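Read off the chains here:
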Amino acid sequence: MSSRLNILGFVVAAVLVVLAMTIFTVDQRQWALVLQLGEVKRPVDAAGLHFKIPLIQNVYYFEKRIITLDNNEPERFITSEKKNVLVDFFIKWRVIDPKLFYISVNGDEARARIRLNQTVNAGLREEFGKRTVHDVVSGERDKIMEEMRVKADIDARRIGVEIVDVRLKRVELPTEVSETVYRRMEAERKRVANELRAEGAAEAEKIRADADRQREVIVAEAYRDAQKIKGEGDGKATAIYAAAFNQNPEFYAFYRSLEAYRSSFSDKGDMLLVDPSSDFFKYMKSGGRDNSR
């Protein structure tokens with residue numbers, strides 16, 4: 001009885017082991033590739049439990065998510081002007097065909113990284129060689145990245161990989177070149193600043209001269225108008241005085257005498273030495289009547 005139980009336990013254990021070797025799970029973030037004696041049988045995309053033939057078939061897993069390939073050191077490229085630039089870039093890629101990926105690079109992610117890095121590196125050298133420093137730094141940077149992504153994706157699909165994005169993180173001149181460029185830029189900016197200052201000074205002088213001219217014209221015209229108005233006023237006053245004198249010459253003479261008296265004795269301390277028989281006291285002596293009549 002004991003031997004039968006041992007045999008039964010052994011059989012159950014063997015069945016469990018075989019069953020465990022038959023079942024495998026696939027995560028939703030992974031690809032699975034079932035191989036039979038080294039030959040690819042089928043890729044598995046769906047997540048969950050799956051079955052395989054134990055001992056004969058085995059399973060390889062590949063990352064389904066996007067992988068980032070970031071170069072450790074900036075690469076030195078040459079532009080169309082024969083100038084060196086340091087370029088730092090990264091690549092976003094993912095496996096889209098696990099069977100082709102396994103056949104091409106034996107499912108080795110490191111080999112795939114080397115292949116993709118070489119492809120993008122060669123493509124960037126070609127693109128930079130057709131453009132100037134200004135173009136690669138700012139002018140056509142987006143265009144370079146998009147064209148590089150398309151070209152690299154064509155080659156990457158031959159190994160079952162998709163290039164999601166190619167990005168230039170940094171494009172700058174080497175240290176030995178940067179100093180020369182910065183000095184040249186500084187000299188150029190100073191030249192432009194001096195030109196602007198000179199133009200501003202000339203424009204200011206022009207504005208001041210025009211303002212002075214306008215001021216002189218305005219003052220001259222105002223003086224002319226004032227003299228004209230004053231002359232007209234004097235003419236009207238003279239006409240009024242003449243009309244008043246013609247109406248009553250005696251009263252007008254008396255009024256002028258009063259004005260003369262007021263002007264002569266406007267202050268208490270004023271003193272005037274005049275002959276009493278002079279015409280100045282004519283109206284004081286006679287009360288305004290002419291004694292000769």
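Trainee: Requested: an account of the overall build of the chain, with residues and values cited.
Mentor: Each helix and strand in the chain was counted, giving eight helices and nine strands. For the chain, the proportion of its 293 residues judged to be buried stands at 25%. Element-wise, carbon and sulfur atoms account for 56% of the exposed surface of the chain, whose accessible area totals about 20,400 Å².

Trainee: If you had to explain the environment of Glu-39 to someone new, which residues and values would you point to?
Mentor: The residue Glu-39 is located in strand S3 (residues 39–44) in this model. For Glu-39, a relative accessible area of 51% gives the class exposed. Taking the C-alpha atoms as reference points, Glu-39 and Ile-103, 64 residues apart in sequence, are found 9.6 Å from one another.

Trainee: Account for the nonpolar core, naming residues and giving values.
Mentor: Trp-93, Leu-124, Phe-128 and Leu-168 are the most contacted members of the largest nonpolar core, which has 36 residues in total. Put simply, the parts of the chain that give this core at least two residues each are strand S2 (30–36), strand S6 (67–70), strand S8 (84–95), helix H2 (98–105), helix H3 (109–129), helix H4 (133–139), helix H5 (141–156) and strand S9 (161–172). Of the residues forming this core, the biggest block, six residues, is contributed by S8. The residues contacting Leu-168, other than those within four sequence positions of it, are Val-87, Asp-88, Phe-89, Leu-124, Phe-128, Arg-141, Ile-144 and Met-145. If you look at the next biggest cluster of nonpolar residues, it comprises six residues, including Val-26, Ala-32, Val-34 and Val-44.

Trainee: Can you explain the packing of H3 against H5? Please cite residues and give values.
Mentor: Axis separation between H3 and H5 bottoms out at 10 Å; the angle between their running directions is 140 degrees. As far as their axial angle goes, H5 and H3 are oblique. Crossing handedness for the pair H3 and H5: right-handed. Only Ile-144, Glu-147, Met-148, Lys-151, Ala-152, Asp-155 and Ala-156 of H5 make contact with H3, whose side of the interface consists of Arg-115, Leu-116, Thr-119, Val-120, Gly-123, Leu-124, Glu-126, Glu-127 and Phe-128. Here the contact of H3 with H5 is composed, by residue class, of eight nonpolar, two polar and six charged.

Trainee: Residue-level account of H5, with values.
Mentor: Over its 16 residues, H5 extends 22 Å from the first C-alpha to the last, a length consistent with the 22 Å expected when each residue adds 1.5 Å. Buried residues belonging to H5 abut H3, H4 and S9.

Trainee: Could you give an account of the confidence of the model for the chain, naming the residues involved and the relevant values?
Mentor: For the chain, mean pLDDT is 82; residues scoring 70 or higher make up 81% of the total. Predicted confidence for residues 288–293 stays below pLDDT 50, and this span has three contacts to residues more than four positions away or in other chains.

Trainee: A description of the side chain of Thr-119 should follow, citing residues and the corresponding values.
Mentor: On the secondary structure map, Thr-119 appears in helix H3. By relative accessible area, which is 19% here, Thr-119 ends up buried. Ignoring any residue separated from it by four or fewer positions in sequence, one finds Thr-119 in contact with Met-148, Ala-152 and Asp-155.

Trainee: Which residues make up the pattern of salt bridges, and what values do they have?
Mentor: If you walk through the whole model with that rule in mind, you get 27 salt bridges. The shortest N-O distance in the salt bridge between Arg-65 and Glu-63 comes to 2.5 Å. Since its relative accessible area comes to 45%, Arg-65 is described here as partly exposed. Taking the shortest distance from any N to any O, the salt bridge between Glu-127 and Lys-130 comes out at 3.7 Å. One network of salt bridges, in which partners are shared, links Glu-127, Lys-130, Arg-131, Glu-140, Glu-147 and Lys-151.

Trainee: Just give me the short version of the pairing of strand S7 (residues 75–78), but keep the residues and values in it.
Mentor: Summarising the sheet, S7 and S8 pair through four bridges and their orientation is antiparallel. The partner of Ile-78 across the bridge, within S8, is Asn-84. The antiparallel hairpin formed by S7 and S8 contains five residues in its connecting segment, where Lys-82 sits at a positive phi of about 65 degrees.

The rules behind the values
- Residues numbered from 1 in each chain as written.
- Predicted model: local features only at pLDDT ≥ 70, side-chain atom pairs only at ≥ 80, totals over all residues.
- Heavy atoms only, no water.
- Helix = DSSP H or I, 4+ residues; strand = E, 2+ residues; numbered from the N terminus.
- Buried < 20%, exposed > 50% of the residue type's maximum accessible area, 1.4 Å probe, protein only.
- Areas by Shrake-Rupley, 256 points an atom, 1.4 Å probe, with all protein chains shown as cover.
- Core = buried A, V, L, I, M, F, W, Y, C linked by side-chain atoms within 4.5 Å.
- Contact = heavy atoms within 4.5 Å.
- Axes fitted to C-alpha atoms, helices over the stretch in contact; angles between N-to-C directions.
- Parallel < 35°, antiparallel > 145°, perpendicular 65-115°, else oblique.
- Left-handed = near helix turned anticlockwise from the far one by under 90°.
- Nonpolar A, V, L, I, M, F, W, Y, C, P; charged D, E, K, R; others polar.
- Expected span 1.5 Å × (residues − 1).
- pLDDT = per-residue confidence, 0-100.
- Salt bridge = Lys/Arg side-chain N within 4 Å of Asp/Glu carboxyl O.
- Pairing = 2+ DSSP bridges.

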